[in-house]
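Structural overview for review
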Amino acid sequence: MSDGSIPDVQVSISDAYDSGNVEFVSSERVDGVWTVHVRIKPDVYTALEKISHMQYFSFRATVNNISKPTKIVYVIDNASKASYPAAWTGTTVCYNTTDPEDSEAWFRNSTTRYVDGTLTWTHLHVYNGSSYFSYFPPFTYARHLKLVGQLQLAAAKIPHANVESLGQTLDGREIECVTIGTGDKICWIIHRQHPGETMAEHYAEGLLYRLFRLDDVEDPIVEQALQRFRFYVVPCMCPDGGVRGHLRTNGVGANLNREWATKGDYQAPTLERSPEVYHVLHKMDETGVDLFLDVHGDEELPYNFISGAEQTPAWSKRLESLHGAFVASYHRANSDMQQEIGYPPPESREEAQKYMNVATNQVSTRFDCLGMTLEMPFKDCESNVDPDRGWSAARSRALGASVLGPLLYVYPYLRDETEFWTTLPPEDAYVEPHDDYQGFKPLTKRLYSDVRATSSITS
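Below you will find a few notes about this structure.

Rules of the game
Residues numbered from 1 in each chain as written. Predicted model: local features only at pLDDT ≥ 70, side-chain atom pairs only at ≥ 80, totals over all residues. Heavy atoms only, no water. Helix = DSSP H or I, 4+ residues; strand = E, 2+ residues; numbered from the N terminus. Rg over C-alpha atoms; globule rule 2.2 N^0.38 Å. Buried < 20%, exposed > 50% of the residue type's maximum accessible area, 1.4 Å probe, protein only. Contact = heavy atoms within 4.5 Å. Areas by Shrake-Rupley, 256 points an atom, 1.4 Å probe, with all protein chains shown as cover. Polar contact = N/O pair within 3.5 Å; in protein donor to acceptor, adjacent residues only side chain to side chain. Arc of directions from axis to C-beta. Pairing = 2+ DSSP bridges. Phe/Tyr/Trp six-rings, centres within 6.5 Å; stacked < 30°, edge-to-face > 60°.

In terms of helices and strands, the protein chain carries 10 helices and 19 strands. Compactness check: the protein chain gives a C-alpha radius of gyration of 22 Å against a globular reference of 23 Å for 459 residues, within 12% of the reference. Once the C-alpha set of the protein chain is aligned to its principal axes, its extents read approximately 75 × 60 × 45 Å. Taking all 459 residues of the protein chain together, 61% fall into the buried category. Sequence-distant contacts in the protein chain: of pairs separated by 6 or more residues, those separated by 24 or more amount to 75%. Total accessible area on the protein chain is roughly 17800 Å²; 49% of this is exposed by carbon and sulfur atoms.

What follows covers helix α8 (residues 359–367). With 7 of 9 residues buried, α8 is to be regarded as a mostly interior element. Listed in full, the buried residues belonging to α8 are Ala359, Thr360, Asn361, Gln362, Val363, Ser364 and Phe367. Tucked inside the fold, the buried residues of α8 contact α5 (275–287), β15 (291–298), β16 (305–307), α7 (349–353) and β17 (370–377). Backbone geometry just downstream of α8 places Asp368 in the positive-phi region, at approximately 50 degrees.

Positionally, Glu351 belongs in helix α7. The buried category is assigned to Glu351, whose relative accessible area is 15%. There is a polar contact of 2.6 Å between the side chain of Glu351 and the backbone nitrogen of Glu347.

Right, let's talk about helix α3 (residues 220–228) for a bit. Val222, Ala225 and Leu226 are the residues of α3 that are buried. One face of α3 carries all of its buried residues, which in axial projection span an arc of 95 degrees. When the buried face of α3 is taken as reference, the exposed residues oriented beyond 90 degrees from it are Pro220 and Gln227. Elements in contact with the buried residues of α3: β12 (174–180), α2 (199–211), β14 (229–234) and α10 (404–410). Among the residues of α3, the N-terminal cap falls to Asp219, whose side-chain oxygen and the backbone nitrogen of Ile221 are separated by 3.1 Å.

Let us now look at unusual backbone geometry. Of the consecutive residues Ala268 and Pro269, the connecting peptide bond is found in the cis state with omega at -10 degrees. Turning to its location among the elements, Pro269 is positioned in the loop between α4 (239–244) and α5. For Asn65, which is not a glycine, the phi torsion comes out positive at approximately 70 degrees. Mapped onto the fold, Asn65 is located in the loop between β4 (58–64) and β5 (70–76). Accessibility expressed as a relative area gives 49% for Asn65, which makes it partly exposed. A positive phi angle is found at Ser449, which is not glycine, with a value near 55 degrees. Mapped onto the elements, Ser449 comes out in the loop between β18 (444–445) and β19 (455–456).

Burial analysis of strand β9 (residues 118–125) places 6 of its 8 residues in the buried class, which makes it a mostly covered element. Hairpin connection, strand β8 (residues 113–115) to β9: the antiparallel pair is bridged by 2 residues, and Asp116 has positive phi, about 50 degrees.

Our next topic: the packing of aromatic side chains. Counted according to the given criterion, the structure contains 25 aromatic pairs. Here the aromatic rings of Phe136 and Phe378 are separated by 6.2 Å at their centres, their planes lie at 80 degrees, and the arrangement is edge-to-face. With Phe136 in the loop between β10 (129–134) and α1 (141–155) and Phe378 in the loop between β17 and α9 (393–401), this pair connects stretches of sequence that are 242 residues apart. Note on Phe305 and Tyr343: the rings are 4.8 Å apart at their centroids and 80 degrees apart in plane angle, and the pair reads as edge-to-face. In this pair, Phe305 is assigned in strand β16 and Tyr343 in the loop between α6 (317–333) and α7, connecting sequence segments 38 residues apart. A relative accessible area of 1% places Phe305 in the buried class. The buried category is assigned to Tyr343, whose relative accessible area is 8%.

Keep in mind these numbers describe shape, not what the thing actually does.
As structure tokens, this is what we get:
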């Protein structure tokens, strides 16, 4: 891409790497302070939603000719045009001055502000060289392939473990599915349908490291989980979009979490537009599903939360009780998970029916199973704040590793047709989520992180 050159101090802006997304606009010196302007490049146009999504960014700034620590202001000029402009408030940009592949070397820039439709922050460049800036620490395709390779080696030594490709993306990348376990219940966990939600694959890494004992630690919870479940884990649903630095779509503009069923005249999933969903759903039909978890990131809410299949045709007292018990157990297992804040559920069956092309709704109904969407924040996590790192790759991995306890907790009830909820403790009761937190009340209500608000909220 184009370079931005400033006399005396030279700053070169580049997104020419896996997951990069930004374009240089201009640079200027005002009152002795250098300012660099960039723009986020939009995803491929989405025919169903009639929008070009945009929010994720990642770029490299290389600075030359500085003789002392120098402050440079960075401005994303088109931040107001993002899919979720309201989400910029409270966002802190992630930065890395050493190795972008080292997820522990990413920190938060506390000077980040959303002002007059632009996202701006000031970075102190201490020496000549490169700094990286990103919406969230990347999970590159190279890291993905390294993870897959580690799992292949481990699977060769573990009975009933396998790494297979379910098919290829439109760019020719494999859609890997990792299987392990001998249990009688089938658990599917998929990650990163939206490629810019990189925390989702960090979550997958934490889960898979634990399941495959890649840390070489004896773990009785893992032993129990593998005896009770047969796991099918897709660590990255959308590698093509990930390499391109997209927020929500694959290489041809398909928002995969709207491709799980035909909607009106829009046929889905198809091999021509969404082979990722087509192949995964075909495999699910082959294996069946007793529990489904779809792992994402949310731009707006500063919390980890679980969204369910409320008001869909399969929703019942049984699924409501399973949902409540799972979320309560997850909260007990990891204090970064909480029960109250999240997407408000649909108010009617008719409202939910409009979103049967969403993975959780479709899978829950198709297999009459507990289906859930897990969301992690792009911002800091208000449950346990950390201004220096915010919600991080490491905490995403820890949240993934800690899901095994909640899975085991609900295992006995997954296909129980009795009124098992009458025997559960009161703290396991379903909690209907809301998005009114700490005095913040949204102006509009969204369903399933839909960009287009469904209704205005009146007091």
